[in-house]
Amino acid sequence: PLDAPTLEISGLDAGYGTVPVLHDVAITVERGSVVTLIGANGAGKSTLIKVIGGLIQSTAGSVSFNGADCTRSRPDQMVRAGLGIVPEGRRLFGEMTLRENLELGAYARTDRQQVAKDFDRVLELFPELRDRLSTHAKSFSGGQQQMVAIARALMGAPKLLLLDEPTIGLAPVVVDRVAALIQEISEFGVDILLIEQNAEVALTIADFGYVLENGRVVMADNAKALLVNPEVRLAYLGV
Ligand code: ATP
């Protein structure tokens, strides 16, 4: 259904073998929104991404994507259903050129004409990459590599883009550029789930935010409300 949230997770438990990590997690990404999940090291953010991506199976609860149940979906099914993941650390193919990385992003698609259009459109979003299609991915700066990773994910024509700590290790001016890009991408109709340790940036660009602690969602509110919440400020903004 068209009015279903883009992503709806409820009652989710997950972990590794007998080690539980996520407990009763509920997260919704409404259509047309940027949602952020903030949390400290080890809170369970990466585990949640693995569950959404179909890389590990939950032990309880459900995941629904665009109104369809995908609790047991495999990674390739999630990609085909419209999930784009920008993994932490970018995971680019360093020996491949920018063009090859972007082409790989579209590997699951059969609509070649639309792929060609998206190729041009994605490059319009990233003027800093436009003239460097033949450059090997490993030769780009950290910020540019992050942009290549985002551009590659966009080549899969996702409905939801899941970003795992896209600003980590970047200089402040580059962080601002990535933040602006995320907002621009959202205006193009791609919904965003932004996983971040940088709460300040994440809550500034998001519509709604969740705080994950020890595998549990302990706060859920409008991002602007979380940004001024004294507990959040103390724990995640260092003020
Ligand atoms: P970070 O920001 O460091 O990536 P995170 O919030 O993403 O942290 P997770 O990586 O999801 O946190 O880890 C949550 C918990 O799960 C931690 O206690 C971690 O030790 C544990 N964990 C992570 N990966 C595994 C694994 N492969 N096997 C067993 N336990 C794991």
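The rules behind the values
- Residues numbered from 1 in each chain as written.
- Predicted model: local features only at pLDDT ≥ 70, side-chain atom pairs only at ≥ 80, totals over all residues.
- Heavy atoms only, no water.
- UniProt positions renumbered as here; feature names shortened; annotations may be inferred.
- Helix = DSSP H or I, 4+ residues; strand = E, 2+ residues; numbered from the N terminus.
- Buried < 20%, exposed > 50% of the residue type's maximum accessible area, 1.4 Å probe, protein only.
- Contact = heavy atoms within 4.5 Å.
- Near = heavy atom within 4 Å.
- Polar contact = N/O pair within 3.5 Å; in protein donor to acceptor, adjacent residues only side chain to side chain.
- Core = buried A, V, L, I, M, F, W, Y, C linked by side-chain atoms within 4.5 Å.
- Pairing = 2+ DSSP bridges.
- Axes fitted to C-alpha atoms, helices over the stretch in contact; angles between N-to-C directions.
- Patch = residues over 30% accessible without salt bridge, like charges linked within 9 Å, V, L, I, M, F, W, Y side chains within 5 Å.
- Areas by Shrake-Rupley, 256 points an atom, 1.4 Å probe, with all protein chains shown as cover.
- Salt bridge = Lys/Arg side-chain N within 4 Å of Asp/Glu carboxyl O.
- Parallel < 35°, antiparallel > 145°, perpendicular 65-115°, else oblique.
- Left-handed = near helix turned anticlockwise from the far one by under 90°.

Going by an unreviewed UniProt entry, the protein chain carries the name ABC transporter ATP-binding protein and comes from Antarctobacter heliothermus. You can read under Sequence similarities (unreviewed entry) in the UniProt record for the protein chain the words "Belongs to the ABC transporter superfamily."

Colleague: So what exactly am I meant to see when it comes to the environment of Leu154 here?
Modeller: Inspection of the secondary structure puts Leu154 in helix H5 (residues 142-154). For Leu154, a relative accessible area of 9% puts it in the buried group. In the structure, Leu154 is positioned ten residues away from Asp164 in sequence and 15 Å away in space, judged by C-alpha atoms. When sequence neighbours within four positions are dropped, the list of residues in contact with Leu154 reads Val122, Leu125, Phe126, Leu161, Ile185 and Val190.

Colleague: What should I look at first to understand the site of the ligand in this one?
Modeller: Close contacts around the ligand come from Tyr16, Val21, Ala40, Asn41, Gly42, Ala43, Gly44, Lys45, Ser46, Thr47, Glu165 and Gln197, and that covers them all. Within the backbone of Gly42, one N or O atom sits 2.7 Å away from an oxygen atom of the ligand. Here an oxygen atom of the ligand sits 2.6 Å away from a polar atom, N or O, in the side chain of Ser46. No other element matches the three residues that helix H1 (residues 45-53) contributes to the shell around the ligand.

Colleague: Any chance you could explain the nonpolar core here in plain terms?
Modeller: If you look at soluble globular proteins, the nonpolar side chains tend to sit buried side by side. Phe126, Ile150, Leu154, Leu161 and Val232 are the most contacted members of the largest nonpolar core, which has 51 residues in total. In this structure Val232 touches Ile38, Leu203, Val211, Met219, Leu226 and Leu237, once residues within four positions along its chain are discounted. Counting residues in each nonpolar core, the second largest holds 28 residues, with Ala14, Val21, Ile27 and Val63 among its members.

Colleague: Explanation requested: the sheet that holds strand E10 (residues 216-222) in the structure shown.
Modeller: Strand pairing in a sheet takes place through backbone hydrogen bonds and is either antiparallel or parallel in direction. As summarised here, the arrangement of the six strands in space is E6-E7-E8-E3-E9-E10, forming an open sheet in which the pairing is mixed. Unpaired on one side and paired on the other, strand E6 (83-86) and E10 mark the two borders of the sheet. The sheet shows a mean angle of 15° between the axes of neighbouring strands, direction not considered. Of the strand pairs in this sheet, strand E3 (residues 34-38) and strand E8 (residues 191-196) are connected by five bridges, and their pairing is parallel. For Thr36, the partnering residue across the bridge sits in E8 and is Leu194.

Colleague: How should I be thinking about a nonpolar patch on the surface in this particular structure?
Modeller: There is a patch of nonpolar side chains on the surface, built from Val79, Phe93, Met96, Leu104 and Tyr107 and spanning about 430 Å² of accessible area. Structurally, Phe93 can be placed in the loop between E6 and helix H3 (98-105). Judged by its relative accessible area of 40%, Phe93 falls in the partly exposed class.

Colleague: Whenever I open this one, the packing of H5 against helix H6 (residues 172-187) confuses me. Can you help?
Modeller: The description of two packed helices rests on the angle between their axes and on the distance between the axes. Between H5 and H6, the least distance of the axes is 10 Å, while the angle of their chain directions is 15°. By the angle between their axes, H5 is roughly parallel relative to H6. Viewed along their axes, H5 and H6 form a crossing whose handedness is right-handed. Judged by residue contacts, Gly143, Gln146, Met147, Ile150 and Leu154 of H5 engage Val174, Arg177, Val178, Leu181 and Ile185 from H6.

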